[in-house]
Amino acid sequence: MTVHLHWFLPTGGDGRTLVDRHAYTDGGVTRNRAGTAAGVRAPDIEYLAQIAKAAERLGFEAVLTPTGTWCEDAWLTTVALAQHTERLKFLVAFRPGVLSPVLAAQMAATYQRITRGRLLLNVVTGGDSVEQRRFGDHLDHDQRYARTSEFLSIVRGVWSGRPYDFRGEHYEVEGGLTALPPDPVPELFFGGSSPAAGPVAAEHADVYLTWGEPPWQVREKIDWIRRLAEERDRTVRFGIRLHTISRDSSREAWAAAERLLSDLDAGTVAAAQAVLGRSESVGQQRMLALHRGGALDRDRLEIAPNLWAGVGLVRGGAGTALVGSHADVAERIEEYHDLGVEHFVLSGYPHLEEAYWFGEGVTPLLAERGLLTTVPASPLLAGAGAMAGVAGIGGGR
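Residues numbered from 1 in each chain as written. Predicted model: local features only at pLDDT ≥ 70, side-chain atom pairs only at ≥ 80, totals over all residues. Heavy atoms only, no water.

Draft legend 1. Up close: the overall build of the chain. From N to C terminus, the chain includes 16 helices and 17 strands. When burial is assessed residue by residue, the chain has 56% of its 397 residues classed as buried. For the chain, restricting intrachain contacts to residue pairs at least 6 apart in sequence, the fraction spanning at least 24 positions comes to 73%. Here the chain displays about 16,200 Å² of accessible surface, and carbon together with sulfur accounts for 50% of that area. (Helix = DSSP H or I, 4+ residues; strand = E, 2+ residues; numbered from the N terminus. Buried < 20%, exposed > 50% of the residue type's maximum accessible area, 1.4 Å probe, protein only. Contact = heavy atoms within 4.5 Å. Areas by Shrake-Rupley, 256 points an atom, 1.4 Å probe, with all protein chains shown as cover.)

Draft legend 2. Inspection of the packing of helix α8 (residues 215-231) against helix α13 (residues 326-339) at higher detail. Running from N to C, α8 and α13 point in directions that differ by 25°, and their axes come no closer than 10 Å. The angle between α8 and α13 places the two elements in the roughly parallel class. Relative to α13, the crossing made by α8 is right-handed. Contact residues: α8 offers Pro215, Val218, Arg219 and Ile222, while α13 offers Glu335, Tyr336 and Leu339. When grouped by side-chain class, the residues that make up the contact of α8 with α13 number five nonpolar, no polar and two charged. (Axes fitted to C-alpha atoms, helices over the stretch in contact; angles between N-to-C directions. Parallel < 35°, antiparallel > 145°, perpendicular 65-115°, else oblique. Left-handed = near helix turned anticlockwise from the far one by under 90°. Nonpolar A, V, L, I, M, F, W, Y, C, P; charged D, E, K, R; others polar.)

Draft legend 3. The packing of aromatic side chains, seen in detail. Tallied over the full model, the rule gives eight aromatic pairs. Ring geometry for Phe94 against Phe151: centres 5.9 Å apart, planes inclined by 45°, an arrangement best described as tilted. Here Phe151 lies in helix α6 (residues 141-158) and Phe94 lies in strand β5 (residues 89-94), a separation of 57 residues in the sequence. By relative accessible area, Phe94 is classed as buried at 5%. (Phe/Tyr/Trp six-rings, centres within 6.5 Å; stacked < 30°, edge-to-face > 60°.)

Draft legend 4. Layout of unusual backbone geometry. Cis geometry marks the peptide bond from Asp183 to Pro184, where omega comes out at 0°. By the secondary structure assignment, Pro184 is in the loop between β8 (172-176) and β9 (188-190). Here the bond from Tyr349 into Pro350 is cis, since omega is -10°, no more than 30 degrees from zero. A positive phi angle is found at Arg116, which is not glycine, with a value near 60°.

Draft legend 5. Quick peek at the pairing of strand β1 (residues 4-8). Of all five residues in β1, four are buried; the element is thus mostly enclosed. In this sheet, strand β15 (residues 341-347) lies alongside β1 in parallel orientation, the contact comprising three bridges. Pairing of Leu5 across the sheet is with Phe344, part of β15. When β1 meets strand β4 (residues 62-65), the two strands line up parallel, connected through three bridges. Bridge pairing in β4 links Phe8 to Leu64. (Pairing = 2+ DSSP bridges.)

Draft legend 6. Inspection of the side chain of Asp14 at higher detail. Among the structural elements, Asp14 can be located in strand β2 (residues 14-15). Despite its burial, Asp14 pairs with no opposite charge, the nearest such side chain being Arg41 at 4.5 Å. (Lys, Arg positive; Asp, Glu negative; His and termini not counted. Salt bridge = Lys/Arg side-chain N within 4 Å of Asp/Glu carboxyl O.)

Draft legend 7. Geometry of the pattern of salt bridges. For the structure shown, the criterion picks out twelve salt bridges. Note that Arg41 is salt-bridged to Glu353, the shortest N-O span being 2.8 Å. With Arg41 in strand β3 (residues 40-41) and Glu353 in helix α14 (residues 351-361), this residue pair connects regions lying 312 residues apart in the sequence. The salt bridge involving Arg232 is made with Glu231; its shortest N-O contact spans 3.9 Å. A single network of salt bridges, built from pairs that share partners, joins Glu203, Glu231 and Arg232.

Draft legend 8. Up close: the nonpolar core. Grouped together as the largest cluster of nonpolar side chains are 101 residues, with contacts concentrated most on Trp308 and Tyr336. For this core, the element with the most residues is helix α2 (residues 45-57), which contributes seven residues. Excluding residues within four positions of it along the chain, Trp308 makes contact with Ile245, Trp254, Ala257, Leu260, Leu261, Leu301, Glu302, Gly319, Thr320, Ala321 and Val323. Counting ten residues, the second largest nonpolar core, distinct from the first, contains Phe8, Leu91, Val207 and Val345. (Core = buried A, V, L, I, M, F, W, Y, C linked by side-chain atoms within 4.5 Å.)

Draft legend 9. Region of interest: the pairing of strand β11 (residues 237-247). Burial analysis of β11 places ten of its eleven residues in the buried class, which makes it a mostly covered element. For strand β10 (residues 207-211) and β11, the ladder comprises five bridges, and the chain directions are parallel. Bridge assignment links Val207 to a residue of β11, and that residue is Arg237. Relative to β15, β11 is paired through six bridges, and the arrangement is parallel. Note that in β15 the partner of Leu242 across the bridge is Leu346. Looking at chain direction, β11 and strand β14 (residues 321-325) are connected through five bridges and run parallel.

Draft legend 10. The arrangement of the confidence of the model for the chain in detail. Looking at the chain as a whole, the pLDDT averages 86, with 84% of positions reaching at least 70. Below pLDDT 50 for its whole length, residues 24-29 participates in 17 contacts with residues either more than four positions away or in separate chains. Low confidence marks residues 381-397, where pLDDT is under 50. Its contacts with residues over four positions away, or in another chain, come to 25 contacts. (pLDDT = per-residue confidence, 0-100.)

Draft legend 11. Structural context of the packing of helix α7 (residues 197-204) against α8. Running from N to C, α7 and α8 point in directions that differ by 55°, and their axes come no closer than 8 Å. Classified by the angle their axes make, α7 and α8 are oblique. When the axes of α7 and α8 are compared, the crossing they make is right-handed. Facing Gly198, Pro199, Ala201 and Ala202 of α7, the residues of α8 in contact are Trp224, Ile225, Leu228 and Ala229.

Draft legend 12. Main features of helix α10 (residues 266-276). Of the residues making up α10, those classed as buried are Val269, Ala272, Gln273 and Leu276. Mapping the buried residues of α10 onto a view down its axis gives an arc of 100°, with all of them on the same face. (Arc of directions from axis to C-beta.)

Okay, structure coming up:
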């Protein structure tokens, strides 16, 4: 089993700081326009295209695009970016409760034809009632997961190419159909740490995606979902969502992490933690527990070797980063891979520069470890953007 490397599109803004705090401290209601603060970059199509092209050039398979009222729409943004790239896939995050499942199935089928098969789907059930109510969704946490299960049953049924009927608690569909099913059928990525989420993942997910917890906690999650899937005669693959700070030396990497913290003060952290602490998401609560009270202290924030919880001080969702030399980060990825993790969805601040740090520093080491079948060829050897087999790297070793 080799690894699949993915990157992230910061459609809520990017920069040299932990800019997500502008979205999360108050849900994005009073945030400044991206680009007005020092070091913050607006998520315009030109900048996002730079990141997408860099990800493609560096050998990332896909880019994840978030969903929410604090960022640009993922469907529209990525289909536009598909015109700027050739091979890169788009892991489009969407919320099942805010559109019809038949419409979602049609949108996915159309997307596959427009992009020639470059769509992956990230199903976000939603763990914040305040955010959900902005979309007009008033179901509670467990009801949202029950609705997601029905939603995904309908989507897969409609993709069969035949009229599909469904009657459930949340949906009733008669003759649901998309005239031309998607080819290929998009893989479904799904995350959730609550008891309500596990059975839905086991029943519907192709890839179960967890945020970056320490290896022993990730192992527990994998065992949990794998057992539930086996009870349903299904096989689920696994992925992890992490930030990265990879440098030529461990000292340089940790210095970069410290610079991210130097932009924060206790008041900013406290405000973010108060908002994030009200989330209904079990995964979010697990993230908050990792940084042990929000102290700006490396010794407390390094929660496992090279796993740093500093991002989660002000960022909701994925709150941990792999920090270290390129060899350190490659070793940690191999450690998660040995647990059964196949997909690595990565990001870093700023996303353009960090893509290059990882792609040029870590990716070749993963290939040397036999975890990648291909890596980007050097433009000096094989032309910009070309892909080369591992055997062809470094003079044909």
